[in-house]
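Chain residues, written in single-letter form:
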Amino acid sequence: MQEKQLTVKPMPVQITAGALLRQWGPFVLVAFLLLVVAPLTLSEFRLSLMGRFLTFGMVAMSLSLIWGYGGMLCLGQGLFFALGAYAMGMYLKLEASGESLPDFMLWSGVRELPWFWVPFQSPLVAILAAIVVPMLLAGLVGYFIFRSRVQGVYFAIITQALTLVFSLLFVGQQPYTGGTNGITNLSTIFGIPLSDRSTEVVLYIATVICLGAVYLVSRWFTSSRFGRLLVAMRDDETRVRFLGYNPAILKTMVFGVSAGIAGLAGALFMPQVGIISPSVMGVVFSLEIVVWVAVGGRASLTGAVLGALLVNWTKSGLSENFPDFWQYFQGALFIGAVLLFPMGLVGFFQQQLPAFWARRVRRIPSEADVRPRAAAQMEAGVEAVDDHGSRQSA
């Protein structure tokens, strides 16, 4: 007789409302608080600060993508942030200047708008350039770096040197970039005054929406097969290469994506602050981004955003209450956070607290609890079973 071949069908995965609520409930709650509650409760100054800090959270997320998941510490993330801000600032400056040239060009003797400024008369070109230009720069530089198998501290040094070179370049090109002062004296965006409360609220809401969109895309990116390859490459690049993958291509792709996210953050930062200068492109700002990610947790997208918000709000509060020596407090907080939470705040809550509560809930009986119980069993004549399976009377 021919035996029938049994086929086992996989059971369909049921997505319950409780699972969806546990997974997306906190995200929806935070988005609701940022979108609805913050503009209604915060003052104009605080709302502007929150919008600025959310752009910092976006650039911190971009660093977490390449450092926490890819193992590439970039000390030049501020460069891509500044390039996005400059791209948006060029459009805003041309709109504020009207038919005449920007003021710093007139002061430097420029009589005609440079050719690379002409496309930025369109806001669409400015927004696209804020994302595409950092991606192209990161992709071009990253490909030559990763093809040469440069990694570790050498990659960090190269990105820091790249940041320094571009900051000096922008300072030296006074007629075209504004020099040390950068791009200032902005008045409108899309024809709407930047000083209006409604404009500020719209820019803030746009920042929150972009931050949420970037988070969802990054979450999908890290949860996909490419994200697993990225983590595997971080842990053992040689093994990934032996499996047939090209780490140079993978690193270049994620480096370019992170640069595009940083450029978008810079484009949102520019109209909310109203100024961009080469100091944002410098080494100090890039190191601050590393501190934000380290405090929040470099292997967590949420931790990167949390670290940026926490550090910057703490910095703002300390500078307001202790204007003379707030830097000392901030330095002590940074050192304490790194020593006490080496995996960041989110890493601590994910690893330490569950084990702590498990030890608290699972109460191990002490010797004082065991002795009375054993004595009561002996008095009652309970039979015990020895190691060889024989029954003995107590």
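These numbers come from a predicted model, not from an experiment.

Considering the pattern of salt bridges
Counting across every chain of the model gives 6 salt bridges. Residue Arg-234 pairs with Asp-235 through a salt bridge whose shortest N-O separation is 3.1 Å. Residue Arg-234 is classed as partly exposed on the basis of its relative accessible area of 32%. A salt bridge links Glu-237 to Lys-251, with the nearest nitrogen and oxygen atoms 2.8 Å apart. In this pair, Glu-237 is assigned in helix α10 (residues 237–242) and Lys-251 in helix α11 (residues 247–273), connecting sequence segments 14 residues apart. Of the two residues, Glu-237 and Lys-251, both sit in the buried class. Linked by salt bridges that have partners in common, Glu-237, Arg-241 and Lys-251 make up one network.

Focus on the side chain of Thr-55
Tracing the sequence through the fold places Thr-55 in helix α2 (residues 44–67). Setting aside residues no more than four positions away along its own chain, Thr-55 makes contact with Phe-81, Thr-207, Ala-265, Leu-268, Phe-269 and Gln-272.

Notes on helix α5 (residues 123–147)
Taking 1.5 Å as the rise per residue, α5 with 25 residues should run 36 Å; its terminal C-alpha atoms sit 36 Å apart, in good agreement. At Ala-129, α5 shows its largest kink, close to 35°. Along α5, the residues classified as buried are Ala-126, Ala-129, Ala-130, Pro-134, Leu-137, Ala-138, Gly-139, Gly-142, Ile-145 and Phe-146. Structurally, α5 contributes buried residues whose contacts are with α3 (77–97), α6 (153–172) and α11. Immediately beyond the C-terminal end of α5, within one or two residues, lies Arg-149, with a positive phi of roughly 60°.

Topic: the packing of α3 against α11
Contact pair α3 / α11: the axes reach a minimum separation of 6 Å and the direction vectors enclose 45°. Looking at the two axes, α3 sits oblique to α11. The interaxial crossing formed by α3 with α11 has right-handed handedness. Contacts between α3 and α11 involve Gln-77, Phe-80, Phe-81, Gly-84, Ala-85, Met-88, Gly-89 and Leu-92 from the first element and Phe-255, Ser-258, Ala-259, Ala-262, Gly-263, Ala-265, Gly-266, Ala-267, Phe-269, Met-270 and Pro-271 from the second.

Describing the packing of aromatic side chains
This structure, assessed with the given rule, holds 20 aromatic pairs. Seen in terms of ring centroids, Phe-81 and Phe-269 are 5.2 Å apart; in terms of plane orientation they differ by 55°. Their pairing is tilted. Placement of Phe-81 in helix α3 and of Phe-269 in helix α11 is noted, with a sequence separation of 188 residues between them. Phe-269 carries the same exposure label as Phe-81, and that label is buried. Both rings, one in Tyr-143 and one in Phe-144, keep their centres 5.8 Å apart while their planes meet at 70°; by these two values the pair is edge-to-face. Assessed through its relative accessible area of 33%, Tyr-143 is described here as partly exposed.

Describing the confidence of the model for the protein chain
Of the residues in the protein chain, 80% have a pLDDT of 70 or more, and the chain-wide mean is 81. Within the model, pLDDT remains below 50 along residues 1–15, and this stretch shows 1 contact once partners closer than five positions in the same chain are excluded. Between residues 382–394, whose pLDDT stays under 50, and residues either more than four places distant or in other chains, the model counts 13 contacts.

Comments concerning the environment of Cys-210
The residue Cys-210 is located in helix α8 (residues 197–223) in this model. When the C-alpha atoms of Cys-210 and Ala-265 are compared, they prove to be 8.6 Å apart, with 55 residues separating the residues in sequence. Residue contacts for Cys-210: discarding those within four places in its chain leaves Met-58 and Leu-268.

Observations regarding the side chain of Asp-103
Among the structural elements, Asp-103 can be located in helix α4 (residues 103–107). At 3.2 Å, the side chain of Asp-103 and the side chain of Lys-93 are in polar contact. Among residues more than four places away in sequence, those in contact with Asp-103 are Lys-93 and Asn-185.

Examining the nonpolar core
One finds Phe-80 and Trp-292 to be the most contacted residues of the largest nonpolar core, which totals 100 residues. Sort the elements by how many residues they give to this core and α2 lands first, with 14 residues. Among all residues touching Phe-80, those that are not within four sequence positions of it are Cys-74, Pro-134, Leu-137, Ala-138, Phe-255, Ala-259, Ala-262 and Gly-263.

What counts and how
- Residues numbered from 1 in each chain as written.
- Predicted model: local features only at pLDDT ≥ 70, side-chain atom pairs only at ≥ 80, totals over all residues.
- Heavy atoms only, no water.
- Salt bridge = Lys/Arg side-chain N within 4 Å of Asp/Glu carboxyl O.
- Buried < 20%, exposed > 50% of the residue type's maximum accessible area, 1.4 Å probe, protein only.
- Helix = DSSP H or I, 4+ residues; strand = E, 2+ residues; numbered from the N terminus.
- Contact = heavy atoms within 4.5 Å.
- Expected span 1.5 Å × (residues − 1).
- Bend = angle between axes of the 7 residues up to and from the residue.
- Axes fitted to C-alpha atoms, helices over the stretch in contact; angles between N-to-C directions.
- Parallel < 35°, antiparallel > 145°, perpendicular 65-115°, else oblique.
- Left-handed = near helix turned anticlockwise from the far one by under 90°.
- Phe/Tyr/Trp six-rings, centres within 6.5 Å; stacked < 30°, edge-to-face > 60°.
- pLDDT = per-residue confidence, 0-100.
- Polar contact = N/O pair within 3.5 Å; in protein donor to acceptor, adjacent residues only side chain to side chain.
- Core = buried A, V, L, I, M, F, W, Y, C linked by side-chain atoms within 4.5 Å.

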